Amino acid sequence: MAHKKTSMLRIVFIFSALFLLAGSVIPFPSRGEEKAIDARNLFEYHCAKCHGLTGEANKRGKALKAPDLCDPGWQNSKTDKEILYSITNGKNKMPAWNERLSPEEIEALARYVRKLSKKQR
């Protein structure tokens, strides 16, 4: 029985040592090293179905009365907080994204929407 306990302790020790060794060899990302969020890719995947690739509502978006996100008038009429709120909670026929996207992804999308404004001439 003592031999069985010794063998079990050896196995536990070996697995513990391997676990600790793996933790020191495998780099785990720290807060500053997290992968950057590709807001453009998120927009194209989740938003372009209605807002189009450029932010100007496409045919489907126009039928749903989606705004032209590139329009300087629309951009000037919305605060950052309103854009963030709309993406998070949805608006009219736009779905809420808070259950499918992280808060960081939603913030990245809101910043991306701000970049879609047409250049003023």
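### Here's the deal with the overall build of the protein chain
Move 1: Of regular secondary structure, the protein chain possesses six helices and zero strands.
Move 2: Mapped from its N terminus to its C terminus, the protein chain presents α and β elements in the order α-α-α-α-α-α.
Move 3: Counting across all 121 residues of the protein chain, residues that qualify as buried make up 26%.
Move 4: Expressed as a percentage of contacts within the protein chain between residues at least 6 apart in sequence, the contacts between residues at least 24 apart total 46%.
Move 5: As displayed, the protein chain has an accessible area near 9,800 Å², and 59% of this comes from carbon and sulfur atoms.

### Quick word on the side chain of Ser86
Move 1: Summarising the element assignment, Ser86 is placed in helix α5 (residues 80-89).
Move 2: Those residues in contact with Ser86 that sit more than four places away from it in its chain are Lys91 and Met94.

### Notes on the packing of helix α2 (residues 39-51) against helix α6 (residues 103-115)
Move 1: At a closest axis distance of 9 Å, the pairing of α2 and α6 adopts a crossing angle of 90°. Relative to α6, the element α2 lies roughly perpendicular. Taken together, the residues of α6 that come into contact with α2 (itself represented by Ala39, Arg40, Leu42, Phe43 and Cys47) are Glu105, Ala108, Leu109, Tyr112 and Val113.

### Comments concerning unusual backbone geometry
Move 1: The phi dihedral of Lys65 is positive, around 65°, even though this residue is not glycine.
Move 2: By the element assignment, Lys65 lies in the loop between α3 (59-63) and α4 (72-77).
Move 3: With relative accessibility at 72%, the residue Lys65 sits in the exposed group.
Move 4: Not every positive phi belongs to a glycine, and Asn92 is a case in point at roughly 50°.
Move 5: Residue classification places Asn92 among the exposed residues on the basis of a relative accessible area of 75%.

### Quick look at the confidence of the model for the protein chain
Move 1: A residue-level look at the protein chain finds 70% of positions with pLDDT of 70 or above and a mean pLDDT of 82.
Move 2: Under a pLDDT of 50 for its full length, residues 17-28 has, in the predicted model, two contacts with residues more than four places off or in other chains.

### A word on the side chain of Gln75
Move 1: Turning to its location among the elements, Gln75 is positioned in helix α4.
Move 2: What makes Gln75 buried here is its relative accessible area of 6%.
Move 3: Setting aside chain neighbours within four positions, we find Gln75 in contact with Leu69, Val113, Arg114, Leu116 and Ser117.

What counts, and at which threshold
- Residues numbered from 1 in each chain as written.
- Predicted model: local features only at pLDDT ≥ 70, side-chain atom pairs only at ≥ 80, totals over all residues.
- Heavy atoms only, no water.
- Helix = DSSP H or I, 4+ residues; strand = E, 2+ residues; numbered from the N terminus.
- Buried < 20%, exposed > 50% of the residue type's maximum accessible area, 1.4 Å probe, protein only.
- Contact = heavy atoms within 4.5 Å.
- Areas by Shrake-Rupley, 256 points an atom, 1.4 Å probe, with all protein chains shown as cover.
- Axes fitted to C-alpha atoms, helices over the stretch in contact; angles between N-to-C directions.
- Parallel < 35°, antiparallel > 145°, perpendicular 65-115°, else oblique.
- pLDDT = per-residue confidence, 0-100.

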